[in-house]
Amino acid sequence: MPLATIEAANKDIQEPAPFEKSEMLDLSAITSKPSQLYKVLKAAMEMAKAGASHEAARIIATIAIKAKDSDVRYRAEVTLEKWNLNPEEVFRGNRRIVEQKVNASYHAETKP
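Summarised in this report is the structure supplied together with it.

Attention now moves to the pattern of salt bridges. Inspection of the entire model under this criterion finds five salt bridges. Among the ionic pairs, Arg-95 bridges to Glu-99, the shortest N-O distance being 3.3 Å. Remark: Glu-99 and Arg-95 occur in helix α6 (residues 95-110); sequence separation between them is four residues, near one turn of the helix. A relative accessible area of 25% places Arg-95 in the partly exposed class. Shared partners join several salt bridges into a network, and the residues in it are Glu-55, Arg-95 and Glu-99.

Here's what the structure looks like:
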């Protein structure tokens, strides 16, 4: 493929805004059901390990803010702290930085 064609194609690719605002998720149907929230929390942690780190951080940050059960909320907060994040940073911060922090946490765990 000629270089001019590649350059033209690259002009159409738009980078996301560095400080795009992420929306809090609607977990209202389960915020008062600890057993359901634990399942969602565990699933989000698996998502992060699989590479969906920003999406996982959004789920966990929403739980940390909205959960009515203090134990579930605490576990979500501890998970964010382990990733060196807080809910505000997840929702208003730079997506790439959130992803880097989450991914760095998992890479640090797997080192010998």
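Let us now look at the environment of Gln-36. Within the secondary structure layout, Gln-36 lies in helix α2 (residues 34-50). Accessibility expressed as a relative area gives 34% for Gln-36, which makes it partly exposed. Separated by 36 residues in the primary sequence, Gln-36 and Val-72 have C-alpha atoms spaced 10.0 Å apart.

This brings us to the packing of α2 against helix α3 (residues 53-66). Packing of α2 against α3 brings their axes to within 8 Å, and their N-to-C directions diverge by 155°. One way to sum up the angle between α2 and α3 is to call them roughly antiparallel. Our pair here, α2 against α3, has a crossing hand that is left-handed. Of α3, the residues touching α2 (which contributes Leu-37, Val-40, Leu-41, Ala-44, Met-45, Met-47 and Ala-48) are Ser-53, Glu-55, Ala-56, Ile-59, Ile-60 and Ile-63.

Here we come to the nonpolar core. By size, the foremost hydrophobic cluster in this structure holds 24 residues, and its most contacted members are Ala-57, Ile-60, Ile-63, Leu-80, Trp-83, Leu-85 and Val-102. Of all the secondary-structure elements, those providing two or more residues to this core are α2, α3, α4 (70-82), α5 (87-92) and α6. At seven residues, α3 tops the list of elements feeding residues into this core. Dropping the residues within four chain positions of it, Leu-80 is found in contact with Ala-57, Ile-60, Ala-61, Ala-64, Leu-85, Asn-86, Pro-87 and Val-90.

Its 13 residues place the ends of α4 18 Å apart at the C-alpha level, agreeing with the 18 Å of an ideal helix rising 1.5 Å per residue. Looking only at α4, the buried set comprises Val-72, Ala-76, Thr-79 and Leu-80. Down the axis of α4, the smallest arc covering the buried residues is 100°, so these residues share one side. Relative to its buried face, α4 has exposed residues pointing more than 90 degrees away, namely Tyr-74 and Glu-81. The residue sitting at the N-terminus of α4 and contributing the capping side-chain oxygen is Asp-69; that oxygen lies 3.1 Å from the backbone nitrogen of Asp-71.

Basis of the calculations
- Residues numbered from 1 in each chain as written.
- Predicted model: local features only at pLDDT ≥ 70, side-chain atom pairs only at ≥ 80, totals over all residues.
- Heavy atoms only, no water.
- Salt bridge = Lys/Arg side-chain N within 4 Å of Asp/Glu carboxyl O.
- Helix = DSSP H or I, 4+ residues; strand = E, 2+ residues; numbered from the N terminus.
- Buried < 20%, exposed > 50% of the residue type's maximum accessible area, 1.4 Å probe, protein only.
- Axes fitted to C-alpha atoms, helices over the stretch in contact; angles between N-to-C directions.
- Parallel < 35°, antiparallel > 145°, perpendicular 65-115°, else oblique.
- Left-handed = near helix turned anticlockwise from the far one by under 90°.
- Contact = heavy atoms within 4.5 Å.
- Core = buried A, V, L, I, M, F, W, Y, C linked by side-chain atoms within 4.5 Å.
- Expected span 1.5 Å × (residues − 1).
- Arc of directions from axis to C-beta.
- Polar contact = N/O pair within 3.5 Å; in protein donor to acceptor, adjacent residues only side chain to side chain.

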